[in-house]
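Observations on chain architecture
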Amino acid sequence: MQSLNGTSGYISLVKLSDFYKFLCGGGNAVRADLFEANVRDYQGSTEVNDEIEETLKGNKEDDFWWFNNGVTIIASRANSSGSIITVENPQIVNGLQTSSQISLYFQEHHEDDQRTVMVKVVASEDEEIRDRIIKATNNQNPVLLASLRATDKVQRDIEHVLKMNELFYDRRKNFYKNEGKPVNKIVSINLLAQAMMTLFRGEPDNARARPSSLIKDNDV
């Protein structure tokens, strides 16, 4: 725990089944009041939520928190005793989608789950600080779909081959720009996907309008 200007905080790995009990507050349904300070409601079946669901239903030997950014909770007060953290007036301000998917998972699977979710708790009675935390945890640079494929082995291989031909594959967005490489020598993931769709699939219309459709294809 770190305490500063009356504000304290904890970062903890919480067992999934215990976190679900916290969401329900001793009842059989998730407490809606926990999410009143969240800027968005549950978004349903989106690509991100579907991936969270797959992670929950996947290999139980892989801990959940390895593949998830976790949950941020603000509270008026928080203190710990052993392995127990007690919070007053908790509000989940980031991680509603994760929390919702966890609750849906346990509504279908009632067994004890030893995997964990990372939970950050920030406690302050200062309303201005809490508002700033809400804004900060929900105001992040968006990550393009292409960037999520940047660490794939095939992407690294492409970067290596292009560099041998004095071209710079923008596998990590703006990396070569920040290195001072000529703009006309930098090839983006989207540009290469468009070229492949046009030349090898004969789909110039899709290449221009939907280049990410090729990037989403795990079999390519």
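All residue numbers here refer to positions counted from 1 along the written sequence of the relevant chain. It should be noted that, the model being predicted, local features are given only for residues of pLDDT at least 70 and side-chain atom pairs only at 80 or more, the latter also being counted only at that level, while totals for whole chains, interfaces and linings use all residues. Calculation of side-chain values draws on the structure's entire complement of heavy atoms; hydrogens and water are dropped beforehand.

**Some details on a nonpolar patch on the surface**
So the rule is basically this: Note on patches: the residues involved have over 30% relative accessible area and no salt bridge, like charges join within 9 Å, and the nonpolar side chains Val, Leu, Ile, Met, Phe, Trp and Tyr join within 5 Å. The Shrake-Rupley method, run with a 1.4 Å probe, gives the accessible areas here. Residue values count only the displayed protein chains as cover. Salt bridges are counted wherever a side-chain nitrogen of Lys or Arg sits within 4 Å of a carboxyl oxygen of Asp or Glu. Numbering of helices and strands starts at the N terminus; helices are DSSP runs of H or I of at least 4 residues and strands are runs of E of at least 2.
Taken together, L13, W65, W66 and F67 make up a surface patch of nonpolar side chains, about 440 Å² in accessible area. Turning to its location among the elements, W66 is positioned in the loop between helix 2 (47-57) and strand 3 (71-75).

**Re unusual backbone geometry**
Put simply, the rule reads: Per-residue accessibility, obtained with a 1.4 Å probe over protein chains only, is compared with the maximum for each type, and a residue is labelled buried under 20%, exposed over 50%, and partly exposed between these values.
In this model, N89 sits at a positive phi of 55 degrees, which is unusual for a non-glycine residue. Secondary-structure assignment places N89 in the loop between strand 5 (84-88) and strand 6 (91-94). Overall, N89 belongs to the exposed group, its relative accessible area being 57%. Positive phi is not limited to glycine here, since E166 has a value of about 60 degrees. Tracing the sequence through the fold places E166 in the loop between helix 6 (153-164) and strand 8 (168-170). Owing to a relative accessible area of 55%, E166 belongs among the exposed residues under this scheme.

**Looking at helix 2**
Inclusion rule: In this description, one arc is meant: the one made by directions from the helix axis to the C-beta atoms. Between two residues, a contact is recorded if the distance between any of their heavy atoms is within 4.5 Å.
Within helix 2, the full set of buried residues consists of N49, I52 and L56. One face of helix 2 carries all of its buried residues, which in axial projection span an arc of 55 degrees. In this fold, the buried residues of helix 2 make contact with helix 1 (16-24) and helix 3 (96-108).

**Some words on the pattern of salt bridges**
Scanning the entire structure with this criterion turns up nine salt bridges. K57 is the partner of E108 in a salt bridge, and the nearest nitrogen-oxygen pair spans 3.7 Å. With E108 in helix 3 and K57 in helix 2, this pair connects stretches of sequence that are 51 residues apart. When its relative accessible area of 53% is taken as the criterion, E108 is described as exposed. For K57, a relative accessible area of 41% gives the class partly exposed. Between R171 and E159 there is a salt bridge whose closest N-O contact spans 2.8 Å. Linking R171 in the loop between strand 8 and helix 7 (175-178) with E159 in helix 6, this pair joins segments that are twelve residues apart in sequence. Here the salt bridges share partners, and the residues they tie into one network are E53, K57 and E108.

**Re the side chain of Q101**
Going by this rule: Contacts described as polar in this section are N or O atom pairs within 3.5 Å, which, within protein, must combine one atom able to donate a hydrogen with one able to accept it, while residues neighboring in sequence count only if both atoms come from side chains.
Along the chain, Q101 falls in helix 3. There is a polar contact of 2.5 Å between the side chain of Q101 and the side chain of Y42. With near-sequence residues (within four places) excluded, Q101 lies in contact with Y42, G44, N49, I52, E53 and L56.

**Considering the packing of aromatic side chains**
The description of an aromatic ring pair rests on the distance of the ring centres and on the angle between the ring planes. Under the convention used in this document: Centres within 6.5 Å make a pair out of two Phe, Tyr or Trp rings, where for Trp the six-membered ring is used; the pair is then stacked when the planes are under 30 degrees apart, edge-to-face when over 60, and tilted otherwise.
Per the counting criterion, the structure on display carries six aromatic pairs. Seen from their ring centres, F19 and F22 are 5.9 Å apart, and the 35 degrees between their planes marks the pair as tilted. Linking F19 with F22, this pair stays in helix 1, spanning three residues, or about one helical turn. By relative accessible area, which is 24% here, F22 ends up partly exposed. Ring geometry for F175 against Y176: centres 5.0 Å apart, planes inclined by 85 degrees, an arrangement best described as edge-to-face. Assessed through its relative accessible area of 3%, Y176 is described here as buried. An aromatic cluster is built from Y20, Y105 and F106, whose rings are joined through pairwise contacts.

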